[in-house]
Structures are given as structure tokens and as C-alpha cells.
Amino acid sequence: MNENDYSTTHVAPQVPEPTPEEERELNAMYDRMEQLHLKPLWRQIGNLMPNHPEPDAVAHRWDWEELYSIAQRSGELVPVGRGGERRALGLANPGLGGPTYIAPTLWAAIQYLAPGENAPEHRHSQNAFRFVIEGEGVWTVVNGDAVPMRRGDFLLTPGWAYHGHHNIATEPMAWLDGLDIPFARQMDTGFFEYGTERLTDESTPEHSRSERLWAHPGLRPVAYPGARAASPIGRYAWEFTDRALSEQLALEDAGFPGVVSPGHAAIRFTNPTTGSDVMPTIRAEFHRLRPDAVTKTLHEVGNRVFQVFEGSATAFIGEKTFELKRGDVVNVPSWKPWHIAAGSEGADLFCFSDHPIFEKLDLNRTFNPEGI
Ligand code: GTQ
Ligand code: FE2
């Protein structure tokens, strides 16, 4: 017998077979409960309180070529501007029914901006980031600081910061947005305000002021002491991410520690004022797998989303297997065992998750069935 299985240990109370008279009375009682907006626990405990997380969300893969071509089409047919605010196509988890949630807590979207377009400023309590899979020529303006967006860059728009985007290039640009919109919506914590129509800083600097002040490894400006809920770094430039990952693998080659597991290098983007995650609700990481390397298998509380930055991989999530190539997006629902195997050229994977929420609430759990 498996004592972690409801079907063997959590049997419903044994009610003797009701007589027709008792059955009528039971039905009348349940009808009355419904009128009183009451529901008995004993008819739903397995669903409400399963032995372990049983997500409605399913693992799903979105194909980058499809995402990009439909985003491009929407660029031809739908203007961007006040009211709609963003030309963003949200990835809707097929297991979650109606709403545009990739996970119960997380939003992921592809956002598309044509040459010369300007997405007006606004702010909201939802935390946001951008990850750039290809292209350049867009600056995102965060609290009046123009931040360049280039391939491999990871950019922050923490909750309540004003932000807008503008494309000064001759080419359109698309990128991945991640936000905690579903968490804010389901918990009823969201606020939103319009900002100015034109961006507050239309310059196109090589580096944002936030990077010039904060993005020096291990160094912080003495003028700004104390911990902040969100990282003050607006842009985590690809050159640093790339170098940190190559160094882990070079150290592994030289016989020194640093990688997660053989052939698997990874870094987490952090808030330099705390050393913790970049934003209170969202964790972001970058994983680099050597050719044919395989990650450890994990069960984790919380939700992950991966985007392939370079190379190819196979993701094993629960019972499902997904072949992934450059740009493809895949999600891992809570507690589904997952591992990823790199293809023959290796794989670079951007990853974000809602794990900080559950760590703060002491609800996080991880289980590695291989025991390593
Ligand atoms: O770029 O400000 O994908 O506010 C969803 C909501 C992007 C944004 C999204 C947003 C934005
Ligand atoms: Fe926004």
C-alpha cells in the first residue's frame, strides 16, 4: 500500500447505503446547503487538498517561429498605443481554461514593436521583465532612464516603475515579457496608472544610468545604502551572463567546482542590495548545457518557464517530452518532475519562475528522486 495515496488512506466516510427516505433527506440537505452558499468538505477533499500539488496547468510548448510570425501579423493589422498599451501576445496555458496565464502566478508574452513605434508610459504594481532573444533598436524607458535592449539582455521593470518602449531601428523587434499578472489578478492586489503619452527620455544611450550606477560586480554606490525589494539594475547585459557561464564550464574543465551538475552551468540574476532574487515574485536564471549534458531531475513547488536562447534540447516534464529549438518556450507546472537534455550543439536556456513567492511563505519544497 502506498500511504501517500488518497485512494488507499483517505477513504470517504463509510455511510451505509441510504434508504430511499434517507436519500431524499440527504438531497434536500445538499440543496439547502447550495442555497445557503455552503459546500461540504467531505465531497471535495481529494480535489482541494491533494497529497501533493496536482496542477490544472499542463506542460506545453510554444513554437518560436509561430509566435514570431503571428506577432508580425499583429504588427501589420493592429496599432500599438494608449488603451491597449502593448502589442503583447500572452501565452495561455491550455490547462487553465480561459485566462491568459502560462501558470497560475505567471504571465509570459511575446511583445512586438515595429520601427518608429512608441509604446506609451504606464505603471502597475505587477513586476515585469524582458528577455531579448533577437534583435536590437528598442530602448525601454524605466522611471525616465532609457535602457537599451539587445540580444541576450535581461531587463527589469519592477512593480510601480513607469515604463514605455520605443523602437528607433529600421527593423521590427520582438522579445519575451514575463510578469506576475496572474498572481496579482487572483490575489486582487493590482493597481495601474497611465503615464505620459511621449516617453520621458527618448535618448538612445549605450548604457542606462541604472547600469552605470549599479552594474559593477560586487560594488555598490555608497550614496544608496539599504535593501530594496527589487533590483535597481535595469539591464543585465548579455556579455556578463555569457562570461559567467563560460567561466563555470572552464573551471569544470580544470577540475574545480562551480557547476550545478556535470556539464550544467547556471547563474541566477540577483538584486545587488540583498543578494536575493531580482524581484519579490519572480526568479530569473540562465542555464548552459554542454552538448548532450542532462540536468538532474527535480520535483519543485512552483512554476518554471524556459526559453531556448541558443542550441536545441529535449525537455522531459511529467509524462511529456518536448523537442525544443531556438526561441521555443515551455513551462513546467508545479511538482511535475522535469529534466532537460541538451542536443548535440549544447543548449543555452533562459528560465524564470515564481519560486521566490513560495520561499517567502515557507511553502517551497524540492525533491530529487535520484537522491543526488
Ligand atoms: O510592456 O508594459 O506583456 O504592461 C503585459 C503587460 C507587457 C509592458 C506585457 C505590460 C507590458
Ligand atoms: Fe507594463
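Treat the numbers as computed from the prediction; the structure is a model and nothing was measured.

(A) Geometry of the overall build of the chain. Scanning the chain from N- to C-terminus turns up eight helices and 20 strands. Put simply, the chain has 372 residues, and 48% of those count as buried. A fraction of 75% describes how many contacts in the chain between residues 6 or more apart in sequence connect residues 24 or more apart. For the chain, the exposed area adds up to about 18800 Å²; of that, 55% sits on carbon and sulfur atoms. If the 33 positive side-chain charges of the chain are averaged to one point and the 51 negative ones to another, these points end up 5 Å apart.

(B) Region of interest: the side chain of Asp 328. Among the structural elements, Asp 328 can be located in the loop between β17 (320-324) and β18 (329-332). At 3.2 Å, the side chain of Asp 328 forms a polar contact with the side chain of Arg 61. If we skip the residues at most four places from it in the chain, Asp 328 touches Arg 61, Trp 62, Asp 63, Trp 64, Phe 306, Gln 307, Val 308 and Glu 323.

(C) Structural view of the pairing of strand β19 (residues 338-353). Most of β19 is tucked away: 13 of the 16 residues are buried. Strand direction decides the pairing type here: strand β14 (residues 283-289) and β19, joined by seven bridges, are antiparallel. Each bridged residue has a counterpart across the sheet, and for Phe 286 the counterpart in β19 is Phe 350.

(D) Representation of helix α2 (residues 20-35) in the model. Its 16 residues place the ends of α2 23 Å apart at the C-alpha level, agreeing with the 22 Å of an ideal helix rising 1.5 Å per residue. Phi turns positive one or two residues past the end of α2, at His 37, with a value near 60 degrees.

(E) Quick look at a nonpolar patch on the surface. Taken together, Leu 41, Ile 45, Leu 48 and Met 49 make up a surface patch of nonpolar side chains, about 360 Å² in accessible area. The residue Ile 45 is located in helix α3 (residues 45-48) in this model.

(F) Fine view of the pattern of salt bridges. Throughout the structure, instances matching the rule amount to 30 salt bridges. Here Asp 328 and Arg 61 are joined by a salt bridge, their closest N and O atoms 3.2 Å apart. Here the residue Asp 328 occupies a position in the loop between β17 and β18, and Arg 61 occupies one in strand β1 (residues 61-62), the gap between them amounting to 267 residues. Here Asp 328 falls in the buried class, since its relative accessible area comes to 1%. Under the relative-accessibility criterion, Arg 61 is labelled partly exposed at 29%. Glu 252 serves as the salt-bridge partner of Arg 290, at 2.8 Å between the closest nitrogen and oxygen. Here Arg 290, found in the loop between β14 and β15 (299-300), pairs with Glu 252, found in helix α7 (residues 238-253); they are 38 residues apart in sequence, far enough to count as distant. Under the relative-accessibility criterion, Arg 290 is labelled partly exposed at 24%.

(G) How the structure looks around the coordination of the iron ion (ligand 2). Only His 122 (NE2), His 124 (NE2) and His 163 (NE2) from the protein reach the iron ion (ligand 2) as donors, at distances of 2.1 Å. Counting residues between consecutive donors of the iron ion (ligand 2) along the chain gives the motif H-x1-H-x38-H. Placement of the pair is His 122 in strand β4 (residues 118-124) and His 163 in strand β9 (residues 163-167), with a sequence separation of 41 residues. We note that His 122, like His 163, is buried.

Calculation notes
- Residues numbered from 1 in each chain as written.
- Chains lettered and ligands numbered in written order.
- Predicted model: local features only at pLDDT ≥ 70, side-chain atom pairs only at ≥ 80, totals over all residues.
- Heavy atoms only, no water.
- Helix = DSSP H or I, 4+ residues; strand = E, 2+ residues; numbered from the N terminus.
- Buried < 20%, exposed > 50% of the residue type's maximum accessible area, 1.4 Å probe, protein only.
- Contact = heavy atoms within 4.5 Å.
- Areas by Shrake-Rupley, 256 points an atom, 1.4 Å probe, with all protein chains shown as cover.
- Lys, Arg positive; Asp, Glu negative; His and termini not counted.
- Charge placed at Lys NZ, Arg CZ, Asp CG, Glu CD.
- Polar contact = N/O pair within 3.5 Å; in protein donor to acceptor, adjacent residues only side chain to side chain.
- Pairing = 2+ DSSP bridges.
- Expected span 1.5 Å × (residues − 1).
- Patch = residues over 30% accessible without salt bridge, like charges linked within 9 Å, V, L, I, M, F, W, Y side chains within 5 Å.
- Salt bridge = Lys/Arg side-chain N within 4 Å of Asp/Glu carboxyl O.
- Donors = N, O, S within 2.8 Å, 3.2 Å for Na, K, Ca; no water.

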